[in-house]
Amino acid sequence: MAWLNKFQYGEAFMSKHIVRKHSFSILTGLLLMLTLAACGGSEAPTPTPTKTPLPQTSATEPTPTATVAPPAADTATQPAAATPPPAEPTATPAPVIERVARIAASQLNIRAQPDLNANIVKLALEGEEYGVVETSADGQWTQLSENGTPLGWAAAEFLTVEERVVQRDDSGASGGETAAPAPSQPTAAPAPAVAFAPATMTSPDFGGQAFLWWRPELADHDLGLMRDAGFNWVKQTFAWETIEGAGRGVFDWTVSDRVVQQVNNRGLKLLARLSIDPEKTNFWAGPPPGNSTAFAEYAGALAARYNCQPGSAGCIQAYQIWNEPNLAREWGNRRPNPAEYAAFLREAYAAIKAGNPNAIVINAGMAPTGDNSDLAMPDDLFYEQMYQAMGGNSSGYFDMLGVHGAGFAAPPELDPADAASNPKYGGYRFFAFRHVEDIRRIMEKYGDAGKKIVLLEFGWTYDPVNAAYKWHGADAGIDMFVQADYLKRAYQYAAANWPWVGLMSLLTMPNADWLNDGNPQDEEQYWWAIMDPSPTPNTLWRPAIIELCIYFNAVKGQTCKYDPNQ
């Protein structure tokens, strides 16, 4: 890919690299999506490929005073009879004005308290009506009632409140009451709700991992680059220990609220990987599978908080449940057990769906390995046994199947059989990007062809330093230009041959923390990244993000704003 003579990577980069030329395709576009005004609002490290073992009022009008009807005139006389006493006056039943709130959003959270952190007591639907009890002092929340009983609080901006006259009987009982609109001025209509990006995927869809947790300014910088480059999804780890680390049910939403809001504000969709640092041995919940119920509670709390509805703290469209459970180190240092993971997955699935029925739940991707021991299990064998543990039916376990698809030393089009037969490529089928097709055949075998595959990780490294990676990086002839080309070709191959693929989340946007020790090159993740770590205000490019920007935007009929040839 000779394309770089015109392109400036930054002073540090230009001093080290020879620039080549490339004629890119044309486009310009932004992916726009406004975020909800009611959203709440820096980096649990997004994992890298595992070292592979080999082989939301109105004022109430005063209640009208009851009018006494005058006695009727007596026009008939009876000479022999005494005039009877006048009839007792009868009071007309007193009308009562009640305030009624109608839900003005497709769905709306009703919470126990006027606080985004409060528990959700009900998910109200558009058009439903509730009584109004009171409005919070700041006017942002309205307390609703159901059948005369206080129910909870909803965001006032997503309610249409009107007054109605309710005619009651003498006893003041509610039975026999009739309602009519009160002749009062209607309350102002709420501001229109802005929808979050829907939980949908194209085939293929464009995404990548990012490091958004600890540095807000870098997070916003990188999210802007991803949006401009044509990415639709960003994957971020929501490490359990960083949110619920103080103990069961004790949540710190400070960083997660900010991260979710930043992603939503950029119009990107969010895939949250839910897992824990496997090296954290003193976590209160313990390791899997014994922590499954506590983990499901955590997953459910996230899904309820970020359930993409008006009044929520934001929107997470999809969830990945754990990471690489086919490795003992990710499974409590126990022998990998597909049946245990299936049960773990089912519990988390139910909790997430209770919090957000529209969220996409994806199982963990598996590490590519040929080892079958107490330390690891090959991914294809794990998937096979997982389907068996599910009784051949994935309903209630996941919505899309998560897979990892690193390309190692092979170009993306290489047949896995060639990778198995040629030591140059590693000698196993899993050393080919197209090994994903092997996993697809397992899905089809168990009648799951109607579900998509999501590539939770894939990419190529050009590592020339780290021995465990350089054999399929620099030693295999892969440099930053080949990496860029292979990534683009992987998306092109999937578009042409994989109608069943959904999101393809590549490795990776950079992490500025790699610079902390002064030598990022000894960090193996550095060589998988599609651009250099770029502390603001710098942007240090690599060919991959430019090549992908041109390709992604071309697919959308747009041009890449970063194309050096434009």
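Since we're looking at a predicted model, the values are computed, not measured.

Reading guide: rules and limits
- Residues numbered from 1 in each chain as written.
- Predicted model: local features only at pLDDT ≥ 70, side-chain atom pairs only at ≥ 80, totals over all residues.
- Heavy atoms only, no water.
- Helix = DSSP H or I, 4+ residues; strand = E, 2+ residues; numbered from the N terminus.
- Buried < 20%, exposed > 50% of the residue type's maximum accessible area, 1.4 Å probe, protein only.
- Areas by Shrake-Rupley, 256 points an atom, 1.4 Å probe, with all protein chains shown as cover.
- Disulfide = S-S within 2.5 Å.
- Phe/Tyr/Trp six-rings, centres within 6.5 Å; stacked < 30°, edge-to-face > 60°.
- Lys NZ or Arg CZ within 6 Å of the ring centre and 35° of its normal.
- Contact = heavy atoms within 4.5 Å.
- Polar contact = N/O pair within 3.5 Å; in protein donor to acceptor, adjacent residues only side chain to side chain.
- 1 Å grid on protein atoms, 1.4 Å probe; cavity = no way out; pocket = protein on both sides within 12 Å on 5 of 7 lines; lining within 4 Å.
- Points joined across faces, edges and corners; volume = space filled by probe spheres on them.
- Nonpolar A, V, L, I, M, F, W, Y, C, P; charged D, E, K, R; others polar.
- Salt bridge = Lys/Arg side-chain N within 4 Å of Asp/Glu carboxyl O.
- Pairing = 2+ DSSP bridges.
- Core = buried A, V, L, I, M, F, W, Y, C linked by side-chain atoms within 4.5 Å.
- Axes fitted to C-alpha atoms, helices over the stretch in contact; angles between N-to-C directions.

Things to note about the overall build of the protein
Item 1. Secondary structure assignment for the protein yields twelve helices and 16 strands.
Item 2. Evaluated residue by residue, the protein yields a buried proportion of 55% over its 566 residues.
Item 3. Here the protein displays about 23,400 Å² of accessible surface, and carbon together with sulfur accounts for 53% of that area.

What to know about the state of the cysteines
Item 1. Scanning the model with the defined rule gives two disulfides in all.
Item 2. A sulfur-sulfur separation of 2.1 Å characterises the disulfide bridge that pairs cysteine 308 with cysteine 315. A torsion of 80 degrees about the S-S bond marks the disulfide between cysteine 308 and cysteine 315 as right-handed.
Item 3. Paired through a disulfide, cysteine 549 and cysteine 560 show a sulfur-sulfur distance of 2.0 Å. Negative torsions about the S-S bond denote left-handed disulfides, and the value of about 105 degrees found for cysteine 549 with cysteine 560 makes this one right-handed. Of this pair, cysteine 549 sits in helix H12 (residues 543–555) while cysteine 560 sits in the segment after H12, placing them eleven residues apart in sequence. With respect to burial, cysteine 549 and cysteine 560 carry one shared label: buried.

Here we look at the packing of aromatic side chains
Item 1. Applying the stated criterion across every chain yields a total of 42 aromatic pairs.
Item 2. Ring geometry for tyrosine 493 against tryptophan 498: centres 5.7 Å apart, planes inclined by 85 degrees, an arrangement best described as edge-to-face.
Item 3. Given a relative accessible area of 14%, tyrosine 493 falls into the buried group.
Item 4. One aromatic cluster is present, built from ring pairs that chain together Phe206, Phe231, Phe433, Phe458, Trp460, Tyr486, Tyr491, Tyr493, Trp498, Trp500, Tyr551 and Phe552.
Item 5. The positively charged end of lysine 451 is found above the aromatic ring belonging to phenylalanine 398, 4.8 Å away from the centroid.
Item 6. The aromatic ring of tyrosine 526 is capped on one face by arginine 542, whose charged end is 4.5 Å from the ring centroid.

Some thoughts on helix H9 (residues 436–445)
Item 1. In terms of residue burial, H9 counts as a mostly covered element, since seven of its ten residues are buried.
Item 2. Restricting attention to buried positions, one finds in H9 the residues Val436, Glu437, Asp438, Ile439, Arg440, Ile442 and Met443.
Item 3. Residues of H9 that are buried in the fold lie against helix H7 (379–389), strand S14 (401–404), helix H8 (416–421), strand S15 (453–457) and helix H11 (480–497).

With respect to the environment of asparagine 363
Item 1. Examined against the element boundaries, asparagine 363 turns out to sit in strand S13 (residues 360–363).
Item 2. Look at asparagine 363 and you get buried, because its relative accessible area is 0%.
Item 3. Beyond its immediate chain neighbours, meaning those up to four positions away, asparagine 363 contacts Gln320, Ile321, Tyr341, Leu345, Tyr383, Met386, Phe398, Met400, Leu401, Gly402 and Leu456.
Item 4. A polar side-chain atom of asparagine 363 sits 2.8 Å from the main-chain amide nitrogen of glycine 402.

Side note on empty space enclosed by the protein
Item 1. Its volume calculated, the second largest cavity comes out at about 50 Å³.
Item 2. Residue lining of the second largest cavity: Pro368, Asp379, His404, Gly405, Ala406, Phe430, Ala432, Phe433, His435 and Val436, and that is the complete set.
Item 3. Its residues assigned to classes, the lining of the second largest cavity comprises six nonpolar, three polar and one charged.

Side note on the side chain of serine 394
Item 1. Within the secondary structure layout, serine 394 lies in the loop between H7 and S14.
Item 2. Side-chain polar atoms of serine 394 contact the side chain of lysine 451, separated by 2.7 Å.
Item 3. Beyond its immediate stretch of four places on either side in the chain, serine 394 contacts Tyr387, Asp448 and Lys451.

Section: the pattern of salt bridges
Item 1. This model, assessed by the stated rule, comprises 23 salt bridges.
Item 2. The partner of arginine 227 in a salt bridge is aspartate 228, and the shortest N-O contact between them spans 3.1 Å. Summarising the burial analysis for this pair, arginine 227 and aspartate 228 share the class buried.
Item 3. Measuring nitrogen to oxygen at the nearest pair gives 3.0 Å for the salt bridge that ties aspartate 475 to lysine 470.

Observations concerning the pairing of strand S4 (residues 129–135)
Sheet faces and side chains relate simply in a regular strand, where the side chains alternate between the two faces.
Item 1. Of the pairings in the sheet, the one linking S4 to strand S5 (residues 141–146) comprises four bridges and is antiparallel in character. Of the residues in S5, the one forming a bridge with glutamate 134 is glutamine 143.
Item 2. Two successive antiparallel strands, S4 and S5, enclose a turn made up of five residues, where glycine 139 displays a positive phi of approximately 75 degrees.

Points about the nonpolar core
Item 1. Counting 106 residues, the largest nonpolar core has Phe238, Tyr319, Ile321, Tyr341, Leu401 and Phe458 as the members making the most contacts within it.
Item 2. The greatest single-element share of this core, amounting to nine residues, is contributed by H11.
Item 3. Setting aside chain neighbours within four positions, we find phenylalanine 458 in contact with Gly405, Ala406, Phe433, Leu487, Ala490, Tyr491, Met504, Ser505, Leu506 and Leu507.
Item 4. Counting 14 residues, the second-largest nonpolar core is a separate cluster that includes Ile103, Val132, Leu159 and Val161.

Some remarks on the sheet that holds S15
Item 1. As summarised here, the arrangement of the eight strands in space is S13-S12-S11-S10-S9-S16-S15-S14, forming an open sheet in which the pairing is parallel. Each edge of the open sheet is held by one strand with a lone partner, namely S13 and S14. Geometrically, the sheet is characterised by an average inter-axis angle of 25 degrees between neighbouring strands, direction not taken into account.
Item 2. Taken together, the two bridges between S15 and strand S16 (residues 501–506) define a ladder with parallel strand orientation. In the strand pairing of S16, isoleucine 453 is matched with valine 501.

Let's talk about the environment of alanine 105
Item 1. Note that alanine 105 resides in the loop between strand S1 (95–103) and strand S2 (107–111).
Item 2. A C-alpha to C-alpha distance of 8.3 Å links alanine 105 and glutamine 309, two positions 204 residues apart in sequence.
Item 3. What alanine 105 contacts, discounting residues up to four positions off in sequence, is Leu125, Glu126, Phe158 and Pro310.

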